[in-house]
Amino acid sequence: MMEKNLRSSLQISAEEFLLSATKIDPKSGKSTLKTLIFNITPSSNLSTSLPSALHISISKSIDSFKQPNLSNDTSKSPNSPPTKRLRKSSRNRKKIEDSKDGEGSNPKIHDSKRQVLLKNLQIYTFIMHLCISHPKKPFSPINLLPSVQALHDTLILYESDQILQSDIAGLCEEWWKDQLPERETLISQSLPFLLSKSLTLRKKVDVHRVYALREALCLFDFNDDSIEDLKLLLVRCVITPLYLKTEEGRKFLAFLFGLNLQLVKEALAMIRSQIPFGRKGMLEAYADVLFRAWKVAEGSLRDEIEKEFLQSLIEGAIHGSSSSLAASIRRVLGGFINQRTTNGVEKLLFRLAEPVLFRSLQVANSNVRQNALHLLLDMFPLEDPDATKDIKDALLNRQFFLLERLLADECPDVRVVAVEGSCRILRLFWEVIPSSTITKILTKVVDDMSHDLCNVVRLSTLNGIIYLLDNPQTHEILKVLLPRLQHMLLDTVLSVRVAVTDLLLAIRDIRSFQFNKVVGLDALLSSLASDHPLVAQKITRLLIPSYFPSKVTLKEACSRCVALIRRSPIAGARFCEFAISEGSSLNSHVELVRVFIGLALSPSGLNPDQIDGFIIAAVNLCQSMLSEISCKETLNELFSGEKLKCMFTAASTVRARTSILSVASIISQDNVSELLEQCMGLILKCGGLSENVEGQEEVRAAHKLMMSYGRFDDLFEALTNLLQMASSRLHIKFGSEMPKQDVLRRKKKKVKLPVKTSKKLNHVGKRLLNSGMANAEDDYVLAAAAAWQIKDLLKYEDTRNAVLNSPVLELAFYSLKAISWVTIQQCWHWESLDTSPVLAYTALSLHTCLENIDITDLSDEKSNDLHSTGPSLGQTALDHSLNYLLNCTKKLLCASDPGKSGHSTSELKQGEIKMAARRRSRRREGLEDIPNTTDGGTEIKPDIPELKRISNIVKMVTTVLKFVVDATSVGLVHDNQARALQFTSAFMHYIISALEKKEDYNSLSNEGDFKETFMCLKSSISYAAKLLNLVLTDLSDSLPPPAEISYLANDILNLVASIESHLGSRHAGYLVAVLKPWLPDLILALGSSHVWIKATQESGSPSLPYNSKLDIPAWLVVLSMTEVCELSELRHDEQTENDLVTEVLSVFKKLMEMVVLYLKKGKPIILDAFGFILLSGATFGMEREDFGLVLALVHFVCEKLMGCDYEHCEELEMILSSLQEIYLQVEQSTKDPEISEDGRQKLECVKRLLESVGMVDM
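Rules behind the numbers
- Residues take numbers from 1 onward in each chain, read along the sequence in its written order.
- Where local features are concerned, this predicted model is filtered to residues with pLDDT of at least 70; where side-chain atom pairs are given and counted, the filter is 80 or more; whole-chain, interface and lining totals use all residues.
- As a rule here, side-chain values come from all non-hydrogen atoms in the structure, and water together with hydrogens is ignored.
- Secondary structure elements follow DSSP: runs of H or I no shorter than four residues count as helices, runs of E no shorter than two count as strands, and numbering proceeds from the N terminus.
- Only the protein chains shown count as covering a residue, and every accessible area follows the Shrake-Rupley method with a 1.4 Å probe.
- Site definitions follow a grid-based scheme: protein atoms alone, a 1 Å grid, a 1.4 Å probe that fits but cannot get out for cavities, and for pockets an open set with protein on both sides within 12 Å along at least five of seven lines, plus lining residues having an atom within 4 Å of a point.
- Grid points are joined across faces, edges and corners, and a volume is the space filled by probe spheres set on the points.
- Here the term charged refers only to Asp, Glu, Lys and Arg, the term nonpolar to Ala, Val, Leu, Ile, Met, Phe, Trp, Tyr, Cys and Pro, and the term polar to all other amino acids, Gly among them.
- Each Phe, Tyr or Trp ring (for Trp, its six-membered ring) is paired with any other whose centre lies within 6.5 Å, and the angle between the two planes then decides the class: stacked below 30 degrees, edge-to-face above 60, tilted in between.
- The classification of residues rests on relative accessible area computed with a 1.4 Å probe and restricted to protein chains. Under 20% of the type maximum is buried, over 50% is exposed, and intermediate values are partly exposed.
- The convention used is that axes are lines fitted to C-alpha atoms, helices contributing only their stretch in contact, and that angles between N-to-C directions extend from 0 to 180 degrees.
- Oblique is the label for any angle not covered by the other classes, which are roughly parallel (under 35 degrees), roughly antiparallel (over 145) and roughly perpendicular (65 to 115).
- By convention the crossing between two helices is left-handed if the near helix lies anticlockwise of the far one by an angle smaller than a right angle, and right-handed if it lies clockwise.
- The criterion used for residue contact is that any of the two residues' heavy atoms lie within 4.5 Å.
- Take the buried Ala, Val, Leu, Ile, Met, Phe, Trp, Tyr and Cys residues and link them wherever side-chain atoms come within 4.5 Å; each set so joined is a nonpolar core.
- Think of a salt bridge as a Lys or Arg side-chain nitrogen and an Asp or Glu carboxyl oxygen that are within 4 Å of each other.
- Disulfides are defined in this document as cysteine sulfur pairs within 2.5 Å.
- A residue's bend is given by the angle between axes fitted to the 7 residues ending at it and the 7 residues starting at it.

## Remarks on the overall build of the protein chain
So, step 1. Of regular secondary structure, the protein chain possesses 61 helices and zero strands.
So, step 2. Of the roughly 57400 Å² of accessible surface on the protein chain, 51% is carried by carbon and sulfur atoms.

## Section: the layout of surface pockets
Empty pockets left among the atoms are what a rolling probe the size of a water molecule brings to light.
So, step 1. If you add up the space inside the second largest pocket, you get close to 620 Å³.
So, step 2. Lining the second largest pocket we find 24 residues, and of these Thr658, Ser662, Glu697, Arg700 and Ala701 sit closest to its centre.
So, step 3. Put simply, the parts of the chain that give the lining of the second largest pocket at least two residues each are α32 (608-625), α35 (654-664), α37 (693-708), α41 (776-793) and α42 (797-804).
So, step 4. The biggest single contributor to the lining of the second largest pocket is α37, with eight residues.
So, step 5. Of the residues contributing to the lining of the second largest pocket, the split by class is eight nonpolar, eight polar and eight charged.

## Topic: unusual backbone geometry
Note on backbone geometry: most residues besides glycine have negative phi, and most peptide bonds are trans.
So, step 1. Here the amide bond leading from phenylalanine 380 into proline 381 is cis, since omega sits at -10 degrees, within 30 degrees of zero.
So, step 2. By the secondary structure assignment, proline 381 is in the loop between α19 (366-379) and α20 (389-407).
So, step 3. With a phi close to 55 degrees, glutamate 182 is a non-glycine residue in the positive phi region.
So, step 4. Topologically, glutamate 182 is positioned in the loop between α8 (162-177) and α9 (190-201).
So, step 5. Residue glutamate 1185 is not a glycine yet carries a positive backbone phi of 60 degrees.

## Let's talk about the packing of aromatic side chains
So, step 1. Counted under the stated rule, the structure contains 14 aromatic pairs.
So, step 2. Centroid distance phenylalanine 813 to tyrosine 841: 5.1 Å. Interplanar angle 45 degrees. Geometry classified as tilted. One end of the pair, phenylalanine 813, is in helix α43 (residues 809-825); the other, tyrosine 841, is in helix α44 (residues 836-850), with 28 residues separating them in the sequence.
So, step 3. On the basis of relative accessible area, tyrosine 841 is assigned to the buried category, the value being 0%.

## Some details on the packing of helix α58 (residues 1164-1184) against helix α60 (residues 1213-1230)
So, step 1. In the contact formed by α58 and α60, the axes pass within 8 Å of each other and the chain directions differ by 20 degrees. As summarised for this structure, α58 and α60 are arranged roughly parallel, according to the angle between their axes. Relative to α60, α58 is oriented so that their crossing is left-handed. Contacts between α58 and α60 pair Leu1167, Asp1168, Ala1169, Gly1171, Phe1172, Leu1175, Ala1178, Thr1179 and Met1182 from the former with Glu1213, Met1214, Ile1215, Ser1218, Leu1219, Ile1222, Gln1225, Val1226 and Ser1229 from the latter.

## Focus on the packing of helix α51 (residues 1043-1063) against helix α53 (residues 1079-1086)
So, step 1. Viewed as axis vectors pointing N to C, α51 and α53 meet at an angle of 125 degrees, and their least axial separation amounts to 7 Å. Relative to α53, the element α51 lies oblique. α53 is crossed by α51, and the crossing has left-handed handedness. From α51, Ile1045, Ser1046, Ala1049, Asn1050, Ile1052 and Leu1053 reach across to α53, where they touch Leu1082, Ala1085 and Leu1086.
So, step 2. Grouping the constituent residues of the contact of α51 with α53 by class yields seven nonpolar, two polar and no charged.

## Digging into helix α55 (residues 1114-1124)
So, step 1. For α55, the buried fraction is high: eleven of the eleven residues fall into the buried class.
So, step 2. If you check which residues of α55 are buried, you get Ala1114, Trp1115, Leu1116, Val1117, Val1118, Leu1119, Ser1120, Met1121, Thr1122, Glu1123 and Val1124.

## Structural notes on the nonpolar core
Proteins that are soluble and globular tend to have nonpolar side chains buried together.
So, step 1. Counting 399 residues, the largest nonpolar core has Phe252, Phe596, Phe639 and Trp1115 as the members making the most contacts within it.
So, step 2. Excluding residues within four positions of it along the chain, phenylalanine 596 makes contact with Cys561, Val562, Ile565, Cys576, Phe614, Ala617, Ala618 and Leu621.
So, step 3. Of all hydrophobic cores here, the second largest spans five residues; its members include Val1091, Ile1165, Ala1169 and Phe1172.

## Notes on the pattern of salt bridges
Two side chains of opposite charge can pair, provided their charged atoms sit close to one another.
So, step 1. As enumerated under the stated definition, the model contains 42 salt bridges in all.
So, step 2. Arginine 497 is the partner of aspartate 531 in a salt bridge, and the nearest nitrogen-oxygen pair spans 2.8 Å. Of the two residues, aspartate 531 sits in the loop between α27 (521-530) and α28 (533-547) while arginine 497 sits in helix α25 (residues 494-508), which places them 34 residues apart along the sequence. Like arginine 497, aspartate 531 is buried.
So, step 3. The closest approach of N and O atoms between aspartate 792 and arginine 700, which form a salt bridge, is 2.9 Å.

## Quick notes on the state of the cysteines
So, step 1. The final tally for this structure, using the stated rule, is zero disulfides.
So, step 2. Not part of a disulfide, cysteine 558 finds its nearest cysteine sulfur in cysteine 561, a span of 7.4 Å.

## Remarks on α28
So, step 1. Largest kink in α28: about 30 degrees, centred on arginine 541, with the proline proline 545 one to four residues after it.
So, step 2. Listing the buried residues of α28 in full gives Val535, Ala536, Lys538, Ile539, Thr540, Leu542, Leu543, Ile544 and Tyr547.
So, step 3. The inward-facing, buried residues of α28 contact α25, α26 (515-518), α27, α29 (554-567) and α30 (569-579).

## What about the environment of serine 422?
So, step 1. Along the polypeptide, serine 422 turns up in helix α21 (residues 412-428).
So, step 2. Residue serine 422 is classed as buried on the basis of its relative accessible area of 1%.
So, step 3. Ignoring any residue separated from it by four or fewer positions in sequence, one finds serine 422 in contact with Leu403, Leu407 and Ile441.

## A look at the environment of proline 472
So, step 1. Considering the arrangement of structural elements, one finds proline 472 in the loop between α23 (455-468) and α24 (475-481).
So, step 2. When the C-alpha positions of proline 472 and serine 512 are compared, they lie 9.8 Å apart, and in sequence the two are 40 residues distant.

Now the structure itself:
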């Protein structure tokens, strides 16, 4: 019906046809309209009447749409607030008035009329499109032009109808493409619309449409101010990813660079701003756009690109503030560098880069040298295409000279780039480089750079050689040079060793090379046996074609693998560990396991190492195949219980036995009882586990096996009985300090073990009982091994749960407690100290507390020589253990205290530091010796060095301190925090006293035991600082902080100062590095009481972290000495000594500089507290008439803390009050005639400092 109506109206007139067309649905009626219009012939009257009718209809619709009441701009904005609600009478009157106005004033009616007009315009636009695209061209473009122009000129009015706007823009676009008359009049609105649409919708088809209209941009006058909006759209295209990703988008951007100079400048500025943040794809797109633009640009436009933009890029690539920025710039320049064969490009690059590049390769700044080298390598060879051959050769030689020079650059980063760049140049330009130059560069790379101190340079050497191998012409000379790289397989850095194996794998794939001539087979097998799994796996991949090839018979392959194990058992075993992962078949490996087991059980002609090698290899293959279900049954047959027992008996090394136990715990067998009994014997007889890594693995494997077969209770009961017997022997040996043994007997339970296990345990017990009283250390070794096993069992969840649920847990706990007492009290008597009993005791205490397992016994705790009291009702085992260990350790520290002198700290430290400045040649006398007997009368072995005793004590106390911190960190220590802080302070005092007693500091730092002691000392400092952090975190705002916090912070600073004055700056630097993360906590702890009083506004005076009536801390004395060295008022004859002191105390000075930085960044209240502590030391100096101390501390406060750059001086109430008191004391003292002239001068300096901060006004 619709088509019939349209056809009949078309026969009547064009106007009637258009009227009928507006009544159809735009979507469904388009095909009908297309059919009817395409049937119009050139001879039809409609060919002339339809265009004129269209023009009239379009004009009428546009005029109607432009009427104010149909405009989109209403008097009331949709977002405006609602009007005031009218009264009822007013509303009625309003309705009457509205009814008089009629329907024309109704907004809904206006909106519907506007929609009708828009719909009509859509139909008219579609008909215009059909007229233009008519295949027979019956309509004259001249007749259609007025209608198209009318639609184009009003394009902006139809913002509410995006479809109509797109149709009109498409109409103008088609008019332009068909090159119809006056097409330039249809661009000013349509092209900006299409640009905006492409930027908004971000569709590739819109970019294609814009690119098709690019020539229309030449019609615009870009110097006119009215075109600014279009310019903004064009510049936005430069940073739009869609334009950069598409080929036509990049072509369009390149076209923009030929339109207008100002537009080019703005586009280049936009690109420049995007380079620092652009990704790889965006930067490469900019490179392509710039190169395309440069090719088509001419005159001033090309000059702008070359002289302004590209020249700035060259300079930025060299002087970039960061390597990433320089790399981004080089990526943009790559658009020209990669097109250097294009006419004019190489000349351009030479002209821009030559003036700055060679000069930049020799500047002092290493970053500039590195950037310039990168640019040179990208542009190599840099040459002038118009120059003569001699000039080109000279320039090339200059580049090689600079490259060789940079291979020896002082900066490792530059050397890395030089090595890799040299190899890249040789690979790409081998044919044109003189042979002498090639030999010279390669020899330097292989001989010198492979021995470079920097591991990154060594790694780059290998990577460069691997890259160089891609050029077959390099192989002949590399055959000679590569064997010189064999030493790199033993490099200390893993990545270098991995790179060596990568090099060997690359060589293996080259027929003319033999990798075993580069690195010998013995060296490869050695690395395979002992190196990291990454290296071992790559070596396995390298050797598989030789020792387990897939192209030979299975029998031959197995015989080759057997030969490998015979030659190097450990290497062969590791070869089998990685063989499956490198692609060998499962069936071949099953046969290989069968062969290995047969050889291990029939070891004729094999030495013990080879037997162990076959056992380990078989186990490694088995573990690799266990994930395959098809192999499990065969493996169960191969590793039967009887065979496992025989292999365990045949194994001669710990590693072999460990491998058998590990596979036995995975493969379920019925007949493993004898193997389990052997495991029990191994567990009971082992000793020295804490330092025996292989023994630890063997014991863990035994534990796992016992656990897998449900024999864990037997295992733990055996360990407990062993601990009980050892504790009884040690109790008899070392007297009444031990807990009463009736407790242990009361807690002991009957342990039922298998007969053989009981026999083995009884055998061990008899050996213990028959060993004699002189073998207490043997008892201790066995006890320590058992304790280590319990500690290790607590690491893993399954075994930990089994331990905590064991019926003999309480007995084990008290046995460990007894042995821990011996360990602590006798630690300085034994040559070899094992802290495993204490570690096991503390770990068991922590876990029982965390699991709420109560194993305390109130009847056991009575007053004894340790001054320990039994736990109160509700006190946990952890509380008891903590008190017990602190008491034991306290007694140890008291018994071993090296003594104290009668000098004050200030006198002592000044004397010590000055003597250390004179190379520590003299020491003060009068320190007490460590007592030679214990309280129980046990005599210390005279052959144990004093340093060994100190080392044992430090190691032991560090172990206890770790337990204190661990317990505090999990929130299990609250009531004992003050005591824990006191204990830590006592430990700090002990270390300081030990340092003061040692006379020869240089020999101390060179002794072997000192390294272990210093490692424990670093751990102790870290634990002490962490304890401060935990206690500070747990403080309540309502209660004052305990004084022990500030005391411990004070002692830590004293220790750092003492370490530097006695052992030197190197060791002090290690401690400061450990202390640095905790420095804010240390500062806060030092002035905690001051901060709390000031923050809570509580009454009372803050306490100092030291007794100011007796002495001041050593660190304040050291701080004063560093400050004295900075004061210009010192006499000239003291300058040399002060320089030496400054050198000795350089680390402590840096520590104080860090403290000042933290204080100035933090709250003024904390700085106020710290300054008050310093000025309290100055007050002490005034009382003792130590005016140098006063001057130094006042100088530090006034110049360092209250310097001109500090903005909160008025908030430093305690500092200002103290300074005022000191100022009054200084004024009085300067009037005292008995003061020396030197003292008077120092007081005058103090007075000037105080006046500089306003004390005279106060």
